[in-house]
Amino acid sequence: MIDIMRDYLAQATSPEFTQMIGEAHAVFDAFGVEDYADIFVQILMMDDVVDRGQSVQDVYDATRDLQVGLLRALGVTVSNEARVDELTGLLRGLKAVETFDDPHAILRHCELELHPEELFAEVLGLTTGIPAEALVIELHAVDQAVIQRIIEVAMTRIEEQAPVDRQEKVPYIEAWKRFTELADTPPVLLARFFADGLDVGYPFMLYVNMIGPEIETLPPGTIAADLVAMALISRDGNANPRGVIAEHIDTLLRDLSLITKVTVAANDLLVKAEIRATTPIRTELTGTQLQVEPSHDG
């Protein structure tokens, strides 16, 4: 908080209000918000022509507007009733994901079968110590991209802290390669995340939560391809992809007809994968029968 506003608030309002505004502005600094101080300089310059109480209210309103705009830019829409101190908590908790001392705990929270808003509240409950139940009521909507970014940051921090032996990941990488070779419908969402550096060997639900509700917008064959691929690269689904998909599909997809179509398509893909993995010699007939050349021996 700029010095002239700190001095002004110290005279015009309570220490608690001054502290609340100061904490909010410290978060702006942490996120690198530029030129926000100019807004408050203009408010103070108008103090001579407006009631002092109005200037204090203007400081509060401008601070909240900046918080709401910053959260929206980050992919979070908040409720109209959320106060400045509550929004400070949301922003501080989101920023803390980058430095939280236990990124494994963040990923464990990201495995929960929850809507993005609930999942976001659970993660911030971890990084702030504020109960998730109190945080979620401040949220109106959370973009899936926010959850994706949280997972990516936590994965990167884990790799930096203790790089995993690449040999441990070989079975998942090989399963991914085999599957992409045989799938008529590519796992488009998962492939997109791999292009951005997604790693293998994490729990199935972690990959599901990276994709989120977008998966329901795809054709059944594409959904099946993504689910099978996610199962094969996950540590809890690699050995039993059918089981892990069946365990979670009712919560991933809401339409019963879609669930049936995806289940059939996924089973078909898994049968192909099993045949490919267990048959040493693979002969594929595409409507043309094998032809035997006639012998010319006499």
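That block above? That's the structure.
The structure presented is a predicted model; accordingly, all values stated were derived computationally and were not measured.

Reading guide: rules and limits
- The residue numbering used here restarts from 1 in each chain and proceeds along that chain's sequence as written.
- Where totals are concerned, whole chains, interfaces and linings use all residues; where local detail is concerned, this predicted model gives features only for residues with pLDDT of at least 70, and gives and counts side-chain atom pairs only at 80 or more.
- The side-chain numbers reported here are obtained from all heavy atoms of the structure, hydrogens and water having been left aside.
- Geometry is summarised by axes, namely lines fitted to C-alpha atoms with helices restricted to the contacting stretch, and by angles between N-to-C directions that run from 0 to 180 degrees.
- Helix and strand labels come from DSSP, where a helix needs a run of H or I of at least four residues and a strand needs a run of E of at least two; each type is numbered from the N terminus.
- Each angle gets one of four labels, with under 35 degrees taken as roughly parallel, over 145 as roughly antiparallel, 65 to 115 as roughly perpendicular, and the rest as oblique.
- Two residues qualify as a contact provided that any one of their heavy atoms is within 4.5 Å of a heavy atom in the partner residue.
- When residue character is reported, Ala, Val, Leu, Ile, Met, Phe, Trp, Tyr, Cys and Pro are called nonpolar, Asp, Glu, Lys and Arg charged, and the others, Gly included, polar.
- Joining through side-chain atoms within 4.5 Å is the link that ties buried Ala, Val, Leu, Ile, Met, Phe, Trp, Tyr and Cys residues into a set, and such a set is a nonpolar core.
- Each residue's exposure class comes from its accessible area (1.4 Å probe, protein chains only) as a fraction of the maximum for that residue type: buried when under 20%, exposed when over 50%, partly exposed otherwise.
- The crossing is said to be left-handed when, going from far helix to near helix, the turn is anticlockwise and less than a right angle, and right-handed when the turn is clockwise.

**Q** Any chance you could explain the packing of helix α5 (residues 84-96) against helix α7 (residues 116-128) here in plain terms?
**A** If you want to describe how two helices pack, look at the angle between their axes and the distance between the axes. The interhelical angle for the contact between α5 and α7, taken along N-to-C directions, is 80 degrees, at an axis separation of 8 Å. Classified by the interaxial angle, the pair formed by α5 and α7 is roughly perpendicular. The residues of α7 that touch α5, namely those facing G89, L90, G93, L94 and A96, are F120, L124, T127 and T128. Broken down by class, the residue content of the contact of α5 with α7 amounts to five nonpolar, four polar and no charged.

**Q** Looking at this structure, I do not really get the nonpolar core. What am I missing?
**A** In terms of nonpolar packing, the biggest core is built from 94 residues, with F120, F204 and L227 touching the most fellow members. Sort the elements by how many residues they give to this core and helix α13 (residues 220-233) lands first, with 10 residues. If near-sequence neighbours (up to four positions away) are discounted, F204 is found in contact with L227, M230, A231, S234, D236, V244, I245, H248 and L252.

**Q** It is not clear to me how the packing of helix α12 (residues 204-211) against α13 should be interpreted in this structure. Could you clarify?
**A** It is at 8 Å that the axes of α12 and α13 come closest, and there the two elements cross at 140 degrees. The angle between the axes of α12 and α13 places the two elements in the oblique class. For α12 against α13, the interelement crossing comes out right-handed. Across the interface between the two elements, F204, Y207, V208 and I211 from α12 touch D226, L227, M230, A231 and I233 from α13. Along the lines of polarity and charge, the residues of the contact of α12 with α13 split into eight nonpolar, no polar and one charged.

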